[in-house]
Amino acid sequence: MITHLYESITLENDRIKLIPMQLSHAKDLQKVNHESIWTYMLYQAITEEQMTEWVSSAIDSRNNMQAIPFVVILKSTDEVLGSTRIQHIDYERQSCEIGASWFGTSAQRTFVNSDSKFLLLEFCFEVMGMMRVQIRADERNVRSNKAIERLGFTKEGVLRKERALHGVPRNLVVYSIIDDEWPEVKKNLIIRQQSYSNDTPGKVSGV
C-alpha cells in the first residue's frame, strides 16, 4: 500500500512538476545528461545503458520503500529537466534526505533547483511529518555546497574521508533543516522563488 502511494506522488507549482520516475524516462534523462554532472556522484550514469541502470535502481529503491525518486518537468514545454529524490526515509526517527539531484545544463542556475527543493521540503515537513531533512555534498563541490547554503540549510559538519570516490578520498559535508526552522526557511524560499520569476530555462532538448 505504501509502495503504491510512493508511485502516485506528484509535486508541482506553476513552473515545474515532480513526477514519479518510470523506466521510460531514461531516454529523456539521457537527452539532458552531461558527463560533468556525475563528477561528485557515487554512480556514473554517463552512457544510455548506465542511465537505464540508474533509473532502474531508483525504481527498485522505491519498490523497497527506501526512496521516492522523481523526474523534474518544465510545465511550459513538458521537457524533462533532470531528477531528484527523497531517500533514507525513517518514519520512526522522522527524518529523511534529499539527494541524487541533477539537472541538464540549461536548467542550472535557474529557478529549477530552488523550486524543486521547495516542493520536496514542503512535502517532507508538511505531509510526511518529518522533524529533520538533510542533504549531503562532496566538500570539493563548492558550487553545490553554496547552493545548498543559499536554500537555508545549516551546515552541521564534515565527515572526513567518508569514502574513496572514484579512487580519491572525499570529505562529505552534512546539511540539515529541522521542523522548527522550516517556517522561516519556507518564507525565505518563497521570496527567492519570486526573484527567479523571469529566469526561464532555455530549450533543454539537444543539450
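Residues numbered from 1 in each chain as written. Predicted model: local features only at pLDDT ≥ 70, side-chain atom pairs only at ≥ 80, totals over all residues. Heavy atoms only, no water.

1. Brief notes about helix 3 (residues 48-63)
In step 1: Taking 1.5 Å of rise per residue, the 16 residues of helix 3 would be expected to cover 22 Å, and the 23 Å separating its terminal C-alpha atoms lies within 8% of that figure.
In step 2: One or two residues past the end of helix 3 sits Met65, with phi positive at roughly 60 degrees. (Helix = DSSP H or I, 4+ residues; strand = E, 2+ residues; numbered from the N terminus. Expected span 1.5 Å × (residues − 1).)

2. Notes on helix 4 (residues 111-126)
In step 1: Between its first and last C-alpha, helix 4 extends 22 Å over 16 residues, near the 22 Å set by a 1.5 Å rise per residue.
In step 2: The buried count for helix 4 comes to 13 of 16 residues, which makes it a mostly enclosed element. (Buried < 20%, exposed > 50% of the residue type's maximum accessible area, 1.4 Å probe, protein only.)

3. Here we look at the layout of surface pockets
In step 1: Approximately 1500 Å³ is the volume attributed to the largest pocket.
In step 2: Forming the boundary of the largest pocket are 50 residues, of which Met41, Ala100, Ser101, Trp102 and Ser144 lie nearest the centre.
In step 3: For the lining of the largest pocket, the secondary structure elements donating two or more residues are helix 3, strand 4 (79-90), strand 5 (95-103), helix 4, strand 6 (132-138), helix 5 (142-150), strand 7 (154-165) and strand 8 (168-178).
In step 4: Here the lining of the largest pocket gets seven residues from one element, more than from any other, and that element is strand 5.
In step 5: Here the lining of the largest pocket is built from residues that sort into 22 nonpolar, 16 polar and twelve charged. (1 Å grid on protein atoms, 1.4 Å probe; cavity = no way out; pocket = protein on both sides within 12 Å on 5 of 7 lines; lining within 4 Å. Points joined across faces, edges and corners; volume = space filled by probe spheres on them. Nonpolar A, V, L, I, M, F, W, Y, C, P; charged D, E, K, R; others polar.)

4. Some words on the sheet that holds strand 2 (residues 16-20)
In step 1: Taken together, the eight strands give an open sheet; going across it, the order is 1-2-3-4-5-6-8-7, and neighbouring strands pair in mixed fashion. Strands with a single pairing partner mark the edges of an open sheet, and in this sheet they are strand 1 (11-12) and strand 7.
In step 2: Examined bridge by bridge, strand 7 and strand 8 share eight bridges and lie antiparallel to one another. The residue bridging Leu159 from the neighbouring strand is Leu172, located in strand 8. (Pairing = 2+ DSSP bridges.)

5. A short note on unusual backbone geometry
In step 1: A positive phi is found at Ala100, a non-glycine position, where the angle reads about 50 degrees.
In step 2: Position of Ala100 among the secondary structure elements: in strand 5.
In step 3: Here Lys161, not a glycine, exhibits a phi torsion of approximately 45 degrees, which is positive.
In step 4: Here Lys161 is to be found in strand 7.
In step 5: Classification of Lys161 as exposed rests on a relative accessible area of 64%.

All quantities given are derived from atomic positions and should not be read as evidence of function.
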